[in-house]
Amino acid sequence: MKFDVIIIGAGAAGLFCAFEAGKRGRKVLVIEHNAQVGRKILISGGGRCNFTNIHTKPENFISENPHFSKSALARYTPQDFVELVKKHRIEYYEKKLGQLFCRESARQIVEMLLAECVRARVQIRTTCTVKEVKKIETSEKAFYEIETDQGEFACESLVIATGGLSFPKIGATDFGFRTARKFGLKIVETQPALVPLVFEKSAKSYAKLAGVSVDALVSAGKNSFRENILFTHRGLSGPAVLQISNYWRKEKEITIDLLPTADAHEILKENEASKQNLDNFLSRFLPNRFAEIFTAEILQNKPVNQIGGKERLQIAENLNHWRVKFDETEGFHKAEVTRGGVSTSELSSQTMESKKHVGLFFIGEVVDVTGWLGGYNFQWAWASAYAASQAV
Ligand SMILES: Cc1cc2nc3c(=O)[nH]c(=O)nc-3n(C[C@H](O)[C@H](O)[C@H](O)COP(=O)(O)OP(=O)(O)OC[C@H]3O[C@@H](n4cnc5c(N)ncnc54)[C@H](O)[C@@H]3O)c2cc1C
């Protein structure tokens, strides 16, 4: 069975690429090993799919080559995707910081992609397992043969859209990375990203704070994010920590400003005559439970007027520059995305085609382009898919 284009993986990037290529008159087959397409879309954004971010810029992505995403992002913009969403009469809203969500359900995005696939005469085979991918080179041109448990298929253009390693329970596999290696393409080391972090052993007493959320400025090197942090039984989560996890390395210290709008030293100094205990005093600025436990564990609880100059500096340092070390992340089963992937040095930034193998394309999360939290990863899926769809 011959096709112009075969796409492996019916997730965000795969389905999008399929109908855009189909609209150009290409005969397209999509192969998905799950029984259902777009499972990650369905659980995304808490079931409402944060499908894009209107402020998307190349700076919102991490990659060995920070310039790689520029071309694709410029050719298919958040506004282009919003037009598609509007065409399908899907109601959406901006939750915060340019993040657009479906008002009703993420299912509407999957239904929209499938409707576009039907219109573009794309064939989709679900519950289909790929056994082998071979490149056949003749004197005229190269093509690809895909052996599956539903038969053999051949195509001129093969698109790998099998995503990253996060959430293995809904079908994530290393197929894309294995295929890239088989064809001699370099892989940038993969790691869980947008993921909660686990405290190093000495900090385990903070488990008492599990469930507490604080507005904070979290920094790793030059990168900072101001949003909530959430204490878990093992470490920290919440949007600011998920964001910083993209930049975290084991040896790297994270600094947290627990009073991002105030200078802790100044407020302690201004109130040096206060007879209030430190935990009560701090609960003017921080959640009660947090002030109580943080004071007991890190600072010392005593009346503010008994805090000396040196001690005040130390307390202020812990409030404005709390240094935290983490042992590990919560791993791929809790990570929203995979950092690393097929090296961008192997691909054309215009088309996502392999520089070594004509007709072999990699799109979406399988590529070493990782977005921040907030709709950026879907925008990369749509944009990289669009770039490939125009070249297959
Ligand atoms: C819980 C959660 C919530 C998220 N929420 C958001 C959000 O709100 N906004 C945002 O921008 N990003 C979000 N993300 C990230 C986003 O879902 C991904 O970045 C995006 O889906 C990547 O698209 P993709 O098409 O590359 O991969 P995927 O959407 O993961 O699709 C890959 C497809 O390939 C299939 N596949 C895998 N291996 C094989 C194989 N061997 N054979 C055949 N098929 C295979 C998979 O079953 C899957 O259908 C979230 C992720 C998670 C885990």
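Just so it is clear, the structure is predicted and the values come from calculations on it, not from any experiment.

Looking at unusual backbone geometry
Then comes step 1: Backbone geometry places R89, a non-glycine residue, at a positive phi of 55 degrees.
Then comes step 2: Classification of R89 as exposed rests on a relative accessible area of 76%.

Focus: the environment of I146
Then comes step 1: For I146, the position within the fold is in strand β9 (residues 142-148).
Then comes step 2: Of the residues examined, I146 reaches a relative accessible area of 0% and is grouped as buried.
Then comes step 3: Once the C-alpha coordinates of I146 and N34 are considered, the two residues, 112 residues apart in sequence, prove to be 17 Å apart.
Then comes step 4: Residue contacts for I146: discarding those within four places in its chain leaves I6, I31, V130, E132, V133, G151, E152, F153, C155 and L158.

Comments concerning the site of the ligand
Then comes step 1: Around the ligand there are 31 residues in total, and A13, E32, T173, E365 and F378 lie nearest to it.
Then comes step 2: The contact in question runs from an oxygen atom of the ligand to an N or O atom on the side chain of N34, over 3.2 Å.
Then comes step 3: Across the complex, the protein chains shield 93% of the 990 Å² of accessible surface that the ligand would expose by itself.
Then comes step 4: Contributing elements (two or more residues each) for the shell around the ligand: α1 (12-23), α2 (39-43) and α12 (376-389).
Then comes step 5: Sort the elements by how many residues they give to the shell around the ligand and α12 lands first, with four residues.
Then comes step 6: Counted by class, the shell around the ligand contains 13 nonpolar, 14 polar and four charged residues.

Brief notes about the domain arrangement of the protein
Then comes step 1: Domain parsing of the protein yields domain 1 (2-191 + 336-389) and domain 2 (197-329).
Then comes step 2: Taken together, the eight residues of domain 1 in the interface contact ten residues of domain 2.
Then comes step 3: For the pair domain 1 and domain 2, the summed buried area comes to about 800 Å², and 48% of that belongs to carbon and sulfur atoms.
Then comes step 4: A salt bridge links K96 to E227; the nearest nitrogen and oxygen atoms lie 2.6 Å apart.

With respect to the environment of G171
Then comes step 1: Tracing the backbone through its elements, the reader meets G171 in the loop between β10 (151-160) and α6 (175-182).
Then comes step 2: Considering only alpha carbons, one finds G171 and A316, 145 residues apart in sequence, at a separation of 47 Å.
Then comes step 3: For G171, the contacting residues outside a window of four places in its chain are H33 and N34.

Regarding the nonpolar core
Then comes step 1: Counting residues in hydrophobic clusters, the biggest one holds 81 residues, and the most contacted among them are I6, F81, I109, L158 and F362.
Then comes step 2: Once residues within four sequence positions are removed from consideration, I109 is found in contact with I41, C49, F51, F81, V85, I90, C102 and W382.
Then comes step 3: Within the second largest apolar cluster, 44 residues are counted, among which are L197, F281, A291 and I307.

Observations concerning the pairing of strand β8 (residues 130-137)
Regular strands have side chains that alternate between both faces of the sheet.
Then comes step 1: Sheet topology note: the β8/β9 ladder contains seven bridges and is antiparallel. Within the sheet, the bridge partner assigned to K134 lies in β9 and is E145.
Then comes step 2: Linking two consecutive strands that pair antiparallel, namely β8 and β9, is a turn of four residues.

Some details on empty space enclosed by the protein
Then comes step 1: Scanning the entire structure with this criterion turns up one cavity of 30 Å³ or more.
Then comes step 2: Considered as a void within the structure, the largest cavity measures approximately 30 Å³ in volume.
Then comes step 3: What lines the largest cavity is simply E132, K134, E145, I146, E147 and E152.
Then comes step 4: Secondary structure elements with two or more residues in the lining of the largest cavity: β8 and β9.
Then comes step 5: Ranked by residue count, the leading element in the lining of the largest cavity is β9, at three residues.
Then comes step 6: Residue composition of the lining of the largest cavity, by class: one nonpolar, no polar and five charged.

Some points on the packing of aromatic side chains
Then comes step 1: Under the defined criterion, the tally for this structure stands at 27 aromatic pairs.
Then comes step 2: Plain terms: the ring middles of F199 and F231 are 6.5 Å apart, the flat faces sit at 45 degrees to each other, and that makes the pair tilted. In this pair, F199 is assigned in strand β12 (residues 197-199) and F231 in strand β14 (residues 223-231), connecting sequence segments 32 residues apart.
Then comes step 3: Relative accessible area serves as the criterion here: at 1%, F199 is assigned to the buried category.
Then comes step 4: Between the aromatic rings of F294 and W322, the centroid separation amounts to 5.1 Å while the plane-to-plane angle is 90 degrees, which identifies the pairing as edge-to-face. Remark: W322 occurs in strand β17 (residues 322-324) and F294 occurs in helix α10 (residues 288-297); sequence separation between them is 28 residues. Neither F294 nor W322 differs from the other in exposure class; each is buried.
Then comes step 5: The side chain of K27 reaches across the aromatic face of F3, ending 4.8 Å from its centre.
Then comes step 6: A cation over an aromatic ring shows up here: K169 above the ring of F167, its NZ or CZ 5.2 Å from the ring centre.

Quick look at the packing of α1 against helix α5 (residues 107-119)
Then comes step 1: For the pair α1 and α5, the least separation of the axes is 8 Å and the interaxial angle reads 25 degrees. Our classification of the angle between α1 and α5 gives roughly parallel. Between α1 and α5 the crossing geometry is left-handed. Across from L15, F16, A18, F19 and K23 in α1, the residues of α5 making contact are L113, L114, E116 and C117.
Then comes step 2: Looking at side-chain class alone, the contact of α1 with α5 contains seven nonpolar, no polar and two charged residues.

Rules of the game
- Residues numbered from 1 in each chain as written.
- Predicted model: local features only at pLDDT ≥ 70, side-chain atom pairs only at ≥ 80, totals over all residues.
- Heavy atoms only, no water.
- Buried < 20%, exposed > 50% of the residue type's maximum accessible area, 1.4 Å probe, protein only.
- Helix = DSSP H or I, 4+ residues; strand = E, 2+ residues; numbered from the N terminus.
- Contact = heavy atoms within 4.5 Å.
- Near = heavy atom within 4 Å.
- Polar contact = N/O pair within 3.5 Å; in protein donor to acceptor, adjacent residues only side chain to side chain.
- Areas by Shrake-Rupley, 256 points an atom, 1.4 Å probe, with all protein chains shown as cover.
- Nonpolar A, V, L, I, M, F, W, Y, C, P; charged D, E, K, R; others polar.
- Domains from an automatic or database assignment.
- Buried area = accessible area lost by both parts, 1.4 Å probe.
- Salt bridge = Lys/Arg side-chain N within 4 Å of Asp/Glu carboxyl O.
- Core = buried A, V, L, I, M, F, W, Y, C linked by side-chain atoms within 4.5 Å.
- Pairing = 2+ DSSP bridges.
- 1 Å grid on protein atoms, 1.4 Å probe; cavity = no way out; pocket = protein on both sides within 12 Å on 5 of 7 lines; lining within 4 Å.
- Points joined across faces, edges and corners; volume = space filled by probe spheres on them.
- Phe/Tyr/Trp six-rings, centres within 6.5 Å; stacked < 30°, edge-to-face > 60°.
- Lys NZ or Arg CZ within 6 Å of the ring centre and 35° of its normal.
- Axes fitted to C-alpha atoms, helices over the stretch in contact; angles between N-to-C directions.
- Parallel < 35°, antiparallel > 145°, perpendicular 65-115°, else oblique.
- Left-handed = near helix turned anticlockwise from the far one by under 90°.

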